[in-house]
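# Remarks on the overall topology
Listed below, chain by chain, are the residues.
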Amino acid sequence: MRFSKLFAPTLRESPADAEVVSHKLMLRAGMIRKVAAGIYTLLPLGVNVLKSVENIVREEMMLAGAQEVTMPMVVPSELWKESGRWDEYGKELLRLNDRHGRDFCLGPTHEEVVTNLVAGEVRSYKNLPMNLFQIQTKFRDEIRPRFGLMRGREFVMKDAYSFHVTEECAEKEYLNMKAAYSRIFERCGLDFRAVEADTGNIGGNFSHEFMVLADTGEDAIVSCEKCDYAANVERAEIGLPAGEGASSSEAASSLPLPEKVSTPGKKSIDEVSEFLKVKPETLIKSLVYNTDKGPVMALVRGDLEINNIKVKRAASASWAELASEDIVSEITGAPSGYVGPVGLKGKLIADFSVRSMRGAVTGANEEGAHLRNVEPGRDFSAEYTDLRVAGSGDKCPRCDEGSFKLFRGIEVGHIFMLGTKYSESMGAKFLDENGKEKPMIMGCYGIGIGRTAAAAIEQNHDEAGIRWPVPIAPYQVCIAAVTMKDHDSLELAESLYFGLMDKGIPTLMDDRNERAGVKFKDLDLIGIPVRITVSTNTMKEESVEIKERGGETRLVGYKDTVAEIIRILKIPPSG
RNA sequence: CGGGGUGUAGCGCAGUUUGGUAGCGCACCACGUUCGGGACGUGGGGGUCGGAGGUUCAAAUCCUCUCACCCCGACCA
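Report follows, based on the coordinates. All figures in this text were calculated on a predicted structure; none of them were measured in a lab.

## As for the packing of helix α2 (residues 44-63) against helix α6 (residues 167-187)
One way to put it is that α2 packs onto α6 with a least axis distance of 9 Å and a crossing angle of 150°. In terms of orientation, α2 and α6 fall into the roughly antiparallel class. Considering the relative orientation of α2 and α6, their crossing is right-handed. Taking contact as the criterion, the partners of I56, V57, E59, E60 and M61 in α2 are, on α6, M177, A180, Y181, R183, I184 and R187.

## A short note on the pattern of salt bridges
For the coordinates displayed, the defined rule picks out 36 salt bridges. A salt bridge links E111 to R85; the nearest nitrogen and oxygen atoms lie 2.9 Å apart. Of this pair, E111 sits in helix α5 (residues 111-121) while R85 sits in helix α4 (residues 85-88), placing them 26 residues apart in sequence. Residue classification places E111 among the buried positions, given a relative accessible area of 1%. In this structure, the salt-bridge partner of D462 is R467, at a minimum N-O distance of 3.8 Å. When its relative accessible area of 33% is taken as the criterion, R467 is described as partly exposed. Among the charged side chains, a salt-bridge network with shared partners connects E59, E60, R183 and R187.

## Notes on the protein's contact with RNA strand B
In the vicinity of RNA strand B there are 49 residues, among which A16, R144, K485, D524 and S535 approach most closely. At the protein interface, 46% of the atoms of RNA strand B within 4 Å belong to sugar or phosphate. In the model, a phosphate oxygen of RNA strand B is placed 2.5 Å from a nitrogen or oxygen of the A16 main chain. Measuring from a base nitrogen of RNA strand B, one finds a backbone N or O atom of G152 at 2.9 Å. If you tally residues by element for the surface near RNA strand B, the top one is helix α15 (residues 516-526), at eight residues. Here the surface near RNA strand B is composed, by residue class, of 15 nonpolar, eleven polar and 23 charged.

Thresholds, definitions, all that
Residues numbered from 1 in each chain as written. Chains lettered and ligands numbered in written order. Predicted model: local features only at pLDDT ≥ 70, side-chain atom pairs only at ≥ 80, totals over all residues. Heavy atoms only, no water. Axes fitted to C-alpha atoms, helices over the stretch in contact; angles between N-to-C directions. Helix = DSSP H or I, 4+ residues; strand = E, 2+ residues; numbered from the N terminus. Parallel < 35°, antiparallel > 145°, perpendicular 65-115°, else oblique. Left-handed = near helix turned anticlockwise from the far one by under 90°. Contact = heavy atoms within 4.5 Å. Salt bridge = Lys/Arg side-chain N within 4 Å of Asp/Glu carboxyl O. Buried < 20%, exposed > 50% of the residue type's maximum accessible area, 1.4 Å probe, protein only. Near = heavy atom within 4 Å. Polar contact = N/O pair within 3.5 Å; in protein donor to acceptor, adjacent residues only side chain to side chain. Nonpolar A, V, L, I, M, F, W, Y, C, P; charged D, E, K, R; others polar.

As structure tokens, then:
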């Protein structure tokens, strides 16, 4: 491609509404332009990058044995009513009507469509297993789209769905996909982790997220420094630190009984600990949650945080949220800030960290009062479990040796074992070798294509702009013709351009009638991995300059240039 | 949806407090000089100041309503 013909309007300054680097740089490099909140037009450079990511994904999916299909974006409501998600999915599902007033939605994900397809065509165990994937534009009416392609409402996603006869077979495919995903993100040149994750509202048995490590990531993950356990903090289990699990039964009886102290206006952990001159870890944080199974009080040591998802699981509820003031005072008799486990009649769950606490401080279930000398086990009894948010330094639950390190990451892929949730509701059944009808076991596997591109920028950039990993760069090589007036120099640039194109190397020829500085700045901003600079200066030595993005400049003879580029790009010799 | 904020040229902003000819930098067009890290000079084009209503002799500026966008929370590839 010739830059003089390329539609890539670069900007010196980033638009004020761009917050994260990837968004700013994509706008500045002329890759994307916004059409509406969370909805973007991809310009030629943006298309090139997304296509490269797509091709890597497509190749690896095919190698892993999946087959490509294309499902519609517009989906009739019947399918969603059949699975029950028409009512469950909420406002994120963009609903629309056709001219006859029939209900449709824009597909945010395609379990319904694919399961319906397979249910209609596959009857026998002989036709299973099967894995179908597509690369397609999805629409989710996100509450708050932001960060450019990182969290758009309309976005390109690769989604795959597998169907199996047995659990074992499904698990095998799950691992197959996990391996394929690792190859995909490796080929994209990304530094990533596969972490255990919560299944969210897609449902299913267990799942892994693929996280690109970046400080700007929206997700927090922990990984063990000794073994390979890694998990989203939403999900991460915590190993029991020595002593924490044990209860403090015997000694407790000899300790003083709870004593009420007046703490007017002191509600938060910080206020109470400062007022009573005790450390936050002496307090028991008591939070009332409302769930579909009724209200429940959750306890954790004062210096720790409660993980909502763990509360939900501990209460065996399908949702859990902090209770409103009405519910709090109804079950405790006090406003929030003064509630505690002592004398509570409702359901009580507590983090392991609470069990071994001694002489603790809690709310007295009376406005303006707290209790001191509270002894778990003696003064209240609770169901002990893991409720807290995992953090740096917590013990690994798997190897019992290592402790956690905390990272931030961008979720670029997610794989789920779905089980029979959709095959049962959508009637995807088959006959096994005994002629018995059974629901198919399913798995599903997603990759955000645009998000992967954005994550690559978050991880690979500097002050000058983007530093694309070679496999997903919009062009792998660029040629800066510095002295546009010099005929010989231009001719050399042209011959190198054709030489590279002949080898199938995507090359951008900067033939614009601009000063050298302008070209260098733009090419750095766009982030082409390798630059060839052709000028009269180096022509005396029959050479050109080659510079890898962010690296040093060196001279290479004319005749060796194409071979040198091939070496740098590590392209295997072709037949 | 709750809380906070912003809408003035393609982009970045000033002007709004205290109503009175709509401005600056970059980008764009023409000519000239320049030509290896976003050049300089001269001249030029581009705006119903997000929209609607109101107050006023006069509104970017004051009042009312509305729309869009951005940031912080719950959701997610």
